[in-house]
Amino acid sequence: MTTILKSIHKAEEKFDRRAEGFAFHHPLLAFFAMFVGMPFLILSLVLISTIVVVLPFTFLFGWL
């Protein structure tokens, strides 16, 4: 278990370093990605997961 947690923390630190380097080299693109891209991605994932959960019930109850 500790090996898995250590590998997750190592991957997270590596991602943080690369994201910080990207933000320093491309500040405008990083701003756009953080404040436009990420909310859009999160909302899209919520929409898709809601559709995946609700769609079977619509067929089951004959709403479609």
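It should be noted that the structure appears before, not after, this text.
This write-up is about the structure you can find in this document. Residue numbers run consecutively from 1 along every chain, following the written order of its sequence. Under the rules for a predicted model, residues below a pLDDT of 70 receive no local features and side-chain atom pairs below 80 are neither given nor counted, while totals for whole chains, interfaces and linings still include all residues. Each side-chain value is derived from all of the structure's non-hydrogen atoms; neither hydrogens nor water enter the calculation.

This next bit is on helix α2 (residues 27–61). A rise of 1.5 Å per residue sets the reference length of α2, with its 35 residues, at 51 Å; its end C-alpha atoms lie 50 Å apart and thus fit the reference within 8%. Along its length, α2 shows its largest kink, about 35°, at alanine 33. Where helices and strands are cited, they refer to DSSP runs of H or I of at least four residues and of E of at least two residues respectively, numbered from the N terminus. Just past α2, the residue glycine 62 takes up positive phi, approximately 75°. Take the number of residues in a helix, subtract one, and multiply by 1.5 Å to get its expected span. To get the bend at a given residue, fit one axis to the seven residues ending there, fit another to the seven starting there, and take the angle between those axes.

Another aspect to go through is the packing of aromatic side chains. Think of it this way: a Phe, Tyr or Trp ring, Trp meaning its six-membered ring, pairs with another when their centres are within 6.5 Å, and the plane angle makes it stacked under 30 degrees, edge-to-face over 60, tilted otherwise. If you walk through the whole model with that rule in mind, you get three aromatic pairs. A ring pair is formed by phenylalanine 31 and phenylalanine 35, whose centres lie 4.9 Å apart and whose planes are at 45°; its orientation type is tilted. Of the two residues, phenylalanine 31 and phenylalanine 35 are both situated in helix α2; the distance of four residues between them amounts to about one turn of the helix. Pairwise contacts between aromatic rings join Phe57, Phe61 and Trp63 into one cluster.

Let us now look at the environment of lysine 10. When you line up the elements, lysine 10 lands in helix α1 (residues 2–25). Each C-alpha atom of the pair lysine 10 and glycine 37 lies 25 Å from the other, and the pair is 27 residues apart in sequence.

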